Amino acid sequence: MYILDRLNSLIWGSGLAVLILFTGLLYTVKLGFIQTKLPKFLIKRDKSQNKGISQLRTVCMSLGTAMGTGNITGVAAALSIGGAGAVFWMWVSAFLGMAVVYGENSLSVTYSDKERRGPMAYLEKGLGCRKLAVFFAVMCILAAFGMGGMVQISAFSDSLRNCVHIHPWGIAAASFILIFAVISGGARRIGSAAQILLPAVTLLFVCTCFTVILTHIHAVPKAFSAIFMDAFGARQAVGGISGTAVSVGLRRGIFSNEAGLGSSPVLHSAAESDSPRTQGMWSMFEVFFDTMFCCTLTAVTLLCSDCGLSVGNAFSSVFGSCSGYVLALEMAVFAFCTLIGWYFCGETAFLYLSENGKKLRFAALFAAVASLGAVLPVHAVWTLSDIFNGLMAFPNLLALILLVNKVGKE
């Protein structure tokens, strides 16, 4: 484990975070602060369409991969390590990340075809380097099994066992059946499941957080004051806390919205619209909603309530003794939406490497490996998943930087 931890620290050190932020700044300037055009786009949307799954299903599927258990437990961890100031730097990473995902998805639509999608398309056809595309595909498959599969089931399993006594192998068996039943139906069934589940559980989560915040409305100004003071305050800088807030906030923001990792353009490659602008704009909305809205809502809920930075304790002020069950439900649906979205990324990469690949066999293998998250120690899985995610980002960011002039303002 020591070697894995060292490798993970090396990959996810300041270098990768700075590279992602530099790419975001490059695209922000190149595209004339494209983030500010998002409100106008949402009011008057493009109607260019092609064969594929509906735009709503694509957005829900893509949001599902980002809005996983990290929007709940990850924000709490960021606050406990980096303080309230970490939230501000999550906003910074999200703002720049919006420009990154616009570039990713615009390039994906430009270069994707039936055999090559997402980063694999613009790495092979745009850069002319199939080896990098193959490397990305392998890392994507491994990340799908780890971060997208076992980690999500492990988080849900821990949350469920806090409420009721269920044998881990029972959770694993039930998870396998449910996962395989959905992912074996392909992109349309995955998109339909995400379209049904994600809005419902997000609405429940948002309503619960707002109820907690309204209960402690007097503490809201203090919470936002702490976010800005801890991000820039001289006391925190002298004590070293501000540096931690910057590091934790930027990294947590990247983990949350996945800008620059390459998963978003894979998911959007299945959409019905063939407009680079449409896919780029919708992907920006996903980053905004995931980090700027949902993660901020979680953070303010934790900072307002006297809950010891525990989401379960915060929810107890609304649901009382039933808060554990509500949190388990939230974790279950968020984890499942993340899982099925990441499966689609893994399947797309698998089909790129194996043109005649057996999708049903891959689905069965994914369901089996993911369900093991309920019974296996998760620390090593988390570490390996972080490594694979980071290794996905390097070739993707290289392509984004070198192909920046191929992305038009439209």
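Anything mentioned here points back to the structure above.
The structure contained in this document is the topic of the report that follows. Here the residue numbers are simple positions, counted from 1 along each chain's written sequence. Whole-chain, interface and lining totals are the exception, using all residues; otherwise, since this is a predicted model, local features are given only for residues with pLDDT of at least 70 and side-chain atom pairs are given and counted only at 80 or more. Only hydrogens and water are set aside; all other atoms, that is, all heavy atoms of the structure, feed into the side-chain values.

### Examining the overall build of the chain
Here is step 1 of the chain: Secondary structure summary: the chain contains 19 helices and zero strands in total.
Here is step 2 of the chain: Every one of the 410 residues in the chain was classed for burial, and the buried ones make up 57%.
Here is step 3 of the chain: Counting contacts in the chain only where the partners sit at least 6 residues apart, residues at least 24 apart contribute 87% of the total.
Here is step 4 of the chain: By element, 66% of the accessible surface of the chain is carried by carbon and sulfur atoms, the whole surface being about 16700 Å². What counts as a helix is a DSSP run of H or I of at least four residues, what counts as a strand is a run of E of at least two, and both are numbered from the N terminus. Any residue under 20% of the maximum accessible area for its type is buried, any over 50% is exposed, and the rest in between are partly exposed; the area is computed with a 1.4 Å probe on protein chains only. Every residue pair with non-hydrogen atoms within 4.5 Å of one another is taken to be in contact. Exposure was quantified through the Shrake-Rupley algorithm and a 1.4 Å probe, taking into account, for residues, occlusion by the shown protein chains and nothing else.

### Here we look at the packing of aromatic side chains
Here is step 1 of the chain: To pair, rings of Phe, Tyr and Trp, with the six-membered ring standing in for Trp, must have centres within 6.5 Å; the planes then decide the type, stacked if under 30 degrees apart, edge-to-face if over 60, and tilted in the middle. Tallying each qualifying case throughout the model produces 15 aromatic pairs.
Here is step 2 of the chain: Relative to Phe 362, the ring of Phe 350 lies with its centre 4.7 Å away and its plane at 10°, an arrangement referred to as stacked. With Phe 350 in helix H17 (residues 323-353) and Phe 362 in helix H18 (residues 359-371), this pair connects stretches of sequence that are twelve residues apart.
Here is step 3 of the chain: Members of the aromatic cluster, each reached through a chain of ring pairs, are Phe 145, Tyr 343, Phe 350, Phe 362 and Phe 366.

### So, the side chain of Ser 263
Here is step 1 of the chain: Following the sequence through the fold, Ser 263 ends up in helix H14 (residues 263-268).
Here is step 2 of the chain: Not counting the four nearest positions on each side in its chain, Ser 263 is found in contact with Glu 258, Trp 342, Cys 345 and Met 392.

### Describing the pattern of salt bridges
Here is step 1 of the chain: Here a salt bridge means any side-chain nitrogen of Lys or Arg lying within 4 Å of a carboxyl oxygen belonging to Asp or Glu. Tallying each qualifying case throughout the model produces four salt bridges.
Here is step 2 of the chain: Across the pair Asp 113 and Arg 116 runs a salt bridge whose closest N-O atoms are separated by 2.8 Å.
Here is step 3 of the chain: Overall, the relative accessible area of 23% leaves Asp 113 in the partly exposed class.
Here is step 4 of the chain: Residues Arg 130 and Glu 124 are paired through a salt bridge, measuring 3.4 Å at the closest nitrogen-oxygen approach.
Here is step 5 of the chain: Among the residues examined, Arg 130 registers a relative accessible area of 41% and is labelled partly exposed.
Here is step 6 of the chain: Residues joined by salt bridges that share partners form a network here, namely Asp 113, Arg 116, Glu 124, Lys 125 and Arg 130.

All quantities given are derived from atomic positions and should not be read as evidence of function.
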